[in-house]
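# Observations on the three-dimensional arrangement
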Amino acid sequence: MLEIKNLVKRYGKGAPVLKDLNLLVQGEQLMSIIGSSGAGKSTLLRCVNRLVEPTEGSITLNGTDITKLAAKDLRRARRRIGMVFQGFNLVDRLSVMENVQSGRLGYISTWAAITRRYPAADIERAFELMERVGIAQYADKRADELSGGERQRVGVVRALMQRPEILLADEPTASLDPKTSEQIMTLLRDLARELNLPVIINIHNVTEAKEFSDRIVGMRYGRIIFDDKPAALDAAQMDEIYAGTPSEDRQEIGAVA
Ligand SMILES: Nc1ncnc2c1ncn2[C@@H]1O[C@H](COP(=O)(O)OP(=O)(O)OP(=O)(O)O)[C@@H](O)[C@H]1O
């Protein structure tokens, strides 16, 4: 369970971009964060693993307040938080298996990692996960030989190798074509259920968010102004979340009822 309480983020001496934000996320649900550009979606996601330092408030993951941790404990806590990126963040010249095993860095010895002598249990788990997401046949291929959708599957498996307690995905489909995007969203939704894993996705495409999420959080100017099931996201709510966003931009992302 992730519990965010009274979270405030200020960059430097600027006005807060997250304003006293509260959020509770439990297992087995795919939650999408939507909102216009600059609403604070990325900042919120990045506060959870402290890629961005929160200014005030607490972020508690299954009993551990992440905001209170010093370097060593923070490193340990970060292993419990999986992250999937828009640009996949793979090492192109390494194989799929090597990329996947990098999710276990911090668990295995540096020597084992350098010599690529991964524990048998890690190899077995990697194959199980790769088979689950449909990339096992590419284990020995270089990451840059794969398509975008396949690369994002590698990113997902790498994150799952950590056995995370929560999975954060920052615009995971923004670099993909519509059909592949749908496949990745389906995969993330199904994995949330299968692994009883809360998945939080920061996403621009409202059509996808509505189709695949169990819950949608709408942000505006650093605050949550909508938090409900997708079906509850009506025209009035959408107008509030996207007020000021040009209508052609809203059409493009499906931010119209
Ligand atoms: N490193 C930074 N330094 C200063 N201001 C920042 C920094 N990162 C983000 N901001 C500001 O914080 C606000 C929220 O940005 P954030 O990227 O979290 O929004 P977002 O909703 O994710 O936007 P987008 O959809 O465009 O990615 C914006 O006003 C942005 O300019």
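Summarised in this report is the structure supplied together with it.

Analysis parameters
- Residues numbered from 1 in each chain as written.
- Predicted model: local features only at pLDDT ≥ 70, side-chain atom pairs only at ≥ 80, totals over all residues.
- Helix = DSSP H or I, 4+ residues; strand = E, 2+ residues; numbered from the N terminus.
- Rg over C-alpha atoms; globule rule 2.2 N^0.38 Å.
- Buried ≥ 20, exposed ≤ 12 C-beta atoms within 10 Å, placed from the backbone.
- Contact = placed C-beta atoms within 7 Å.
- Pairing = 2+ DSSP bridges.
- Axes fitted to C-alpha atoms, helices over the stretch in contact; angles between N-to-C directions.
- Near = placed C-beta within 6 Å.
- Nonpolar A, V, L, I, M, F, W, Y, C, P; charged D, E, K, R; others polar.
- Right-handed = clockwise from strand over helix to strand, strands pointing away.
- Core = buried A, V, L, I, M, F, W, Y, C linked by C-beta atoms within 7 Å.

This next bit is on the overall build of the chain. Within the chain, the secondary structure is distributed over 10 helices and 10 strands. Here the chain has a C-alpha radius of gyration of 18 Å; the compact-globule value for 257 residues is 18 Å, and the two agree. Principal-axis analysis of the C-alpha atoms places the extent of the chain at approximately 55 × 40 × 30 Å. Every one of the 257 residues in the chain was classed for burial, and the buried ones make up 38%. Sequence-distant contacts in the chain: of pairs separated by 6 or more residues, those separated by 24 or more amount to 66%.

With that out of the way, let us pick up the sheet that holds strand E1 (residues 2-10). An order of E2-E1-E4-E5 is seen for the four strands of this open sheet, with the pairing classed as antiparallel. In this open sheet, the two strands that pair with only one neighbour each are strand E2 (16-25) and strand E5 (64-65). Strand direction decides the pairing type here: strand E4 (residues 56-61) and E5, joined by two bridges, are antiparallel. Note that in E5 the partner of Leu61 across the bridge is Thr64. Running at roughly 60 degrees to E2, helix H1 (residues 41-48) makes contact with E1, E2 and E4 of the sheet.

All residues adjacent to the ligand are Tyr11, Val17, Gly35, Ser37, Gly38, Ala39, Gly40, Lys41, Ser42 and Thr43. At three residues, the largest contribution of residues to the shell around the ligand is made by H1. Grouping the constituent residues of the shell around the ligand by class yields three nonpolar, six polar and one charged.

Below, the discussion takes up the pairing of strand E8 (residues 199-202). Side chains Val199 and Ile201 project from E8 onto one buried face, and the interleaved Ile200 and Asn202 project onto a second face that is buried too. Sheet topology note: the strand E7 (residues 166-170)/E8 ladder contains four bridges and is parallel. Bridge pairing links Leu168 to Ile200 in E8. This β-α-β element, E7 to helix H7 (residues 178-194) to E8, shows right-handed connectivity.

Now for the nonpolar core. The biggest cluster of nonpolar side chains holds 64 residues, and the ones touching the most others in it are Val157, Leu168, Leu188 and Val199. No other element matches helix H6 (residues 148-161), which puts six residues into this core. Residues contacting Leu168, with those up to four places away along its chain left out, are Leu45, Val48, Asn49, Ile81, Gly82, Met83 and Ile200.

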